[in-house]
Amino acid sequence: MDLSFNIGGAAGQGINTIGDLVAQVFVKNGLYTFTIKDYMSRVRGGYNFTQIRVSDEHVHAPVHSVDVIIALTKDAIVNQRERLIEGGVIIFDESLDFEECERCHLPLPLEETAEEVGGDVRMMNAAALGALLSVLKMPVSLAENALADIFGDKGDSVVEGNVKVARTMFEEVKGELAQRCDHDFSSVENAPSKDRLLVTGNQAIALGAMAANLKWISAYPMSPSTSLFEFIIQNAQRLQIGGLQTEDEIAGLNMALGASHTGARSMVTTSGGGFSLMVEAVGLAGMAEIPIVIYNAQRPGPSTGLPTRTEQGDLLFMLHSSQGEFPRIMIGPKDPLEAYYLTKNAFRLADKFQVPVMLLGDQHLAEFSMNIPRIEIEEISMERGKLAESSDDSYKRFKITEDGVSPRAFPGDEGMVVAASGNTHNEFGHISEDPDNRNAMVEKRLAKIPRILDELEEPKVYGDEKADYTLLTWGSTWGAAYEAMQRLSQDGVSINHLHFAYLYPLKTKRLNRIWNEAKKIISVEQNATSQFAKLIRMESGLSVDEEINKYDGRPMTPEWIIKELREVGVR
Amino acid sequence: MIEREDLESPQDIQWCPGCGNFGILRALKQAVMELGYPKHEFFLVSGIGQSGKTPHFINLNGFHTLHGRAIPVATGAHVANTDLKVIVHGGDGDLLGEGLGHLMHAARRNVNVTCLLHNNGVYGLTKGQYSPTSPHGFVSKTSPPPTGVPMDPVNTIGVALIGGATFVARGFAGDINQLTQLIVDAIEHPGFALVEIMQPCVIFNPKWGWDFFRERVYKLEDDYDIKSRTAALEKSFEFGDRIPTGVFYKHEKTHFAQELQLPEGSLRDHTNDREEIQDIIDEMLV
Ligand SMILES: Cc1ncc(C[n+]2csc(CCOP(=O)(O)OP(=O)(O)O)c2C)c(N)n1
Ligand code: SF4
């Protein structure tokens, strides 16, 4: 079973609610889901849709072809129709003037039922859900459970109303209407998935930060990073995490640096334009060796670009952000589960090496949701790296050590005087223009890089180690590329997939090996200039053979990648 | 007790002979000694400028940050450890140019930090360009000839008051006793305290020299009401032949860290409750 739904309409019509409902129904039934929300940068109107993929096997990406459309406006039919498979279902309100119906296109009294049976137009969601289950020949009890769960805290009458509406629509469609369509999932009663945690990348990163003992977050709202910040703030009291929506991103990062320097594990969340404002303070973190986790949910730029869409266009900008030379760590999670663990590690690495750690998400990772296994919080991760022990007056915050990492003390530690500076300083943290000191300090900081490399994981190879073609990806494009690789392998193509989560500093051992073995390396990036391929060339001298790029702001699908691969001769 | 030797400059002082910053540093040291808190509880955060070098010239916890950004750094430091007495040093360019927005917002938040604004009416470190407090007509390399600075200066005291600062004062680098007392009171004040300090830059703003201020500064009268914000605002416009000094306004209310209801003391020592995180996760289970 591999089904995809598109639920479309205008902003403000409750598409997200239907989407959440549908996803929950299937997750509860033991299926794997993958949901993306495609929306415009406006609060009301326009045309938006949610795509949900449902399968009894793991799913990792949106797809192009759609099995079912649920349309709340005519646009939602027209805009998606060419994606609908033959014999596909369209469920829409009968008031929409859409005449060219085929066999399984169902004009239904969604709105009327919501009003007459439930007494509230907003219950159209439940009506659509009832109809959907009927068409798929799944039991209506699935909707009943989900509605009880979702609306439970709004009171019994709301739940009852919704259930009644769903059931009425279910009965109305059952029989003749449902028989018109070929779908039959009555057997998918107890599907295999036990993964019940339905999360987005932003939520997973927030959970990772909490588990890493985040104590301070300061941010300025900017899509698509905002939901992460909101999630943490909403739970801040429960965990006693301090947080503030600052006057701007400049204050956001500087404040977080103040908190981190004083001992609180800290992070900032932003998106490209906001990160631009933070750049000077990234250098301050570099010079004063302050651990910090910076999350950039990338969106297409330059400038304000496409606010609600996705891109991987900030990689080289972040790599080179701030003047001067200093070490940093860059990490790009591929999906929510990995994002949770990588975020925990980001905080650990920041403390261990006293450097800025950049988490490169993007709108796609930030907002797609999937069900993953329940995350078990084992321990609160508190590895703080080297801490100063002695308490005498001669504490050197920037003591020169072999590995470049100086034992940390915090302002407020008894018996210590902790001095630091964004100017070039001596071991005590006081300004120095001495050329020998300058060299020693530059070298001390850069000495961290080999140690950092020791701690980072090698990229992963999916598929056969040896293959003619290798797809090269980083971050959130993993899902579409992985599925493309799988489908092509099934078709007999000799292809594998090399994927990077740790982006910089760059591990080159496995990379070199793969380069030696593959006939053709093909980079797949959600940007126009293959930035990661450039980074690889810069660090290793190795070039890719072909570049596949998508920069229209929409996430990749496996079909799209396959089409592009065929065009560059992959057979 | 902190002795003067404990505070001795870790570095050779790099200010020009005769610079007003010496007086400010003396008053700061005096204040720190008078306050009687343990030495490790003080934390100086500075911006960039001649004033920004202050933490290098006194043996206390210090962080010399970026131009204009000392206030957000100080805010983060204070919330991370509310036991700290966080003191910001910045120039008029630093705090009223690059940093004006941060100053206003910190005042509005009533963050419990003390902000010492070294006002010499000019950019010292970058050698004499006009600053946000340079008088209308002030001639510098960056003011259009022949008219000089084509706009009025920032009213520092007024800005702080409008921002919402709960302790607003002005001192003079040539009156160490008064300045010491103002710094002591500002640090003791549980909220955002701004002290504007008139500071001669003998090199780039000779017009605002020692005598200029000595002839003009006077202490606010005994019957001046420090509880009235409107009176303070009116007073803030008096800056010319007579320059008032002393506390313009003082008012106590909950400060920012209290509003946030953070754990007392240092956040470093606080661990997120594991079970609570697990609950947050489990509430998301479908
Ligand atoms: C972002 C940034 N812009 C400009 C500078 C250059 N700069 C250093 S100090 C300064 C002005 C200092 O004037 P003020 O704050 O009044 O301090 P003073 O030196 O007079 O004490 C400037 C413009 C800088 N360091 N950083
Ligand atoms: S240039 Fe002016 S402000 Fe700077 S040290 Fe000299 S006198 Fe002081």
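Our structure's up above, just so we're on the same page.
Residues numbered from 1 in each chain as written. Chains lettered and ligands numbered in written order. Predicted model: local features only at pLDDT ≥ 70, side-chain atom pairs only at ≥ 80, totals over all residues. Heavy atoms only, no water.

A. Molecular detail of the site of ligand 2. Close to ligand 2 lie Trp15, Cys16, Cys19, Gln50, Asn120, Gln199, Cys201, Val202, Ile203 and Phe204 of chain B. Looking at the shell around ligand 2, its residues break down into 7 nonpolar, 3 polar and no charged. (Near = heavy atom within 4 Å. Nonpolar A, V, L, I, M, F, W, Y, C, P; charged D, E, K, R; others polar.)

B. A look at the sheet that holds strand 1 (residues 2-11) of chain A. Residues and elements named next belong to chain A. Ordered by their spatial adjacency, 8 strands build an open sheet running 6-5-4-1-3-2-14-7, and the pairing between neighbours is mixed. The open sheet has two free edges, formed respectively by strand 6 (105-108) and strand 7 (197-200), since each of these has just one partner strand. Taking the axes of each pair of neighbouring strands and ignoring which way they run, one obtains an average angle of 20 degrees across the sheet. Relative to strand 3 (residues 45-55), strand 2 (residues 32-38) is paired through 7 bridges, and the arrangement is antiparallel. Within the sheet, the bridge partner assigned to isoleucine 36 lies in strand 3 and is glutamine 51. (Pairing = 2+ DSSP bridges. Helix = DSSP H or I, 4+ residues; strand = E, 2+ residues; numbered from the N terminus. Axes fitted to C-alpha atoms, helices over the stretch in contact; angles between N-to-C directions.)

C. Inspection of the packing of helix 4 (residues 124-136) of chain A against helix 6 (residues 156-173) of chain A at higher detail. Residues and elements named next belong to chain A. Between helix 4 and helix 6, the least distance of the axes is 7 Å, while the angle of their chain directions is 35 degrees. The handedness of the crossing between helix 4 and helix 6 is right-handed. Packed against helix 4, whose contacting residues are Ala126, Ala127, Gly130, Ala131, Leu133, Ser134 and Val135, the element helix 6 presents Asn162, Val165, Ala166, Met169, Phe170 and Val173 at the interface. (Left-handed = near helix turned anticlockwise from the far one by under 90°. Contact = heavy atoms within 4.5 Å.)

D. Spotlight on a negative patch on the surface. Residue and element names in this part refer to chain A. Side chains of Glu94, Glu111, Glu112, Glu115, Glu116 and Glu172 sit close together on the surface and give a patch of like negative charge. With 4 residues, the single largest contributor to the negative patch is helix 3 (residues 110-118). Here glutamate 94 lies in the loop between strand 5 (84-93) and strand 6. Glutamate 94 sits in the partly exposed class, given a relative accessible area of 43%. (Patch = residues over 30% accessible without salt bridge, like charges linked within 9 Å, V, L, I, M, F, W, Y side chains within 5 Å. Areas by Shrake-Rupley, 256 points an atom, 1.4 Å probe, with all protein chains shown as cover. Salt bridge = Lys/Arg side-chain N within 4 Å of Asp/Glu carboxyl O. Lys, Arg positive; Asp, Glu negative; His and termini not counted. Charge placed at Lys NZ, Arg CZ, Asp CG, Glu CD. Buried < 20%, exposed > 50% of the residue type's maximum accessible area, 1.4 Å probe, protein only.)

E. Here's a closer look at the interface of chain A and chain B. Each partner contributes residues to the interface: chain A has 72 residues there, and chain B has 55 residues. Here chain A and chain B share an interface that buries about 5,300 Å² over both sides, 61% of which is from carbon and sulfur atoms. It is Arg238, Glu247 and His430 of chain A in chain A that bury the most area against chain B; as a group they hold 12% of the surface buried on that side. Notably, a salt bridge pairs glutamate 276 of chain B with arginine 238 of chain A, separated by 2.9 Å at the nearest N-O pair. For the side of chain A that touches chain B, the secondary-structure elements that each account for two or more residues are helix 1 (15-28), strand 7, helix 8 (201-211), helix 10 (236-239), strand 9 (242-245), helix 11 (249-261), helix 12 (272-288) and strand 15 (419-421) of chain A. When its residues are assigned to classes, the side of chain A that touches chain B shows 34 nonpolar, 23 polar and 15 charged. Taken together, the 3 bridges between strand 15 of chain A and strand 2 (residues 61-64) of chain B define a ladder with parallel strand orientation. (Buried area = accessible area lost by both parts, 1.4 Å probe.)

F. Quick look at the sheet that holds strand 17 (residues 469-474) of chain A. Residue and element names in this part refer to chain A. Judged by pairing direction, the sheet is mixed, and its 5 strands sit side by side in the order 16-18-17-20-21 without closing on themselves. Because the sheet does not close on itself, it has two edges, and the strands there are strand 16 (460-462) and strand 21 (546-549). Here the average twist between neighbouring strands, direction ignored, is 25 degrees. Bridge count for strand 17 against strand 20 (residues 520-525) is 4 bridges, and the pairing is parallel. Pairing of leucine 471 across the sheet is with isoleucine 522, part of strand 20. Along the sheet, helix 18 (residues 478-490) contacts strand 16, strand 17 and strand 18 (495-500); its crossing angle with strand 18, the most-contacted strand, is approximately 165 degrees.

G. Region of interest: the site of ligand 1. Close to ligand 1 lie 17 residues; Gln50, Gly93, Asp94, Asn120 and Gly124 of chain B are nearest. Chains contributing residues to the immediate surroundings of ligand 1 are chains A and B. Glutamate 98 of chain B is positioned with one of its side-chain polar atoms (N or O) 3.5 Å from a nitrogen atom of ligand 1. Between glycine 124 of chain B and ligand 1, the recorded distance is 2.9 Å, taken from a backbone N or O atom to an oxygen atom. Contact with the protein chains hides 78% of the accessible area of ligand 1, taken as 590 Å² for the molecule alone. Take the shell around ligand 1: its biggest share by element is 4 residues, from helix 3 (residues 92-98) of chain B. Split by residue class, the shell around ligand 1 holds 4 nonpolar, 9 polar and 4 charged. (Polar contact = N/O pair within 3.5 Å; in protein donor to acceptor, adjacent residues only side chain to side chain.)

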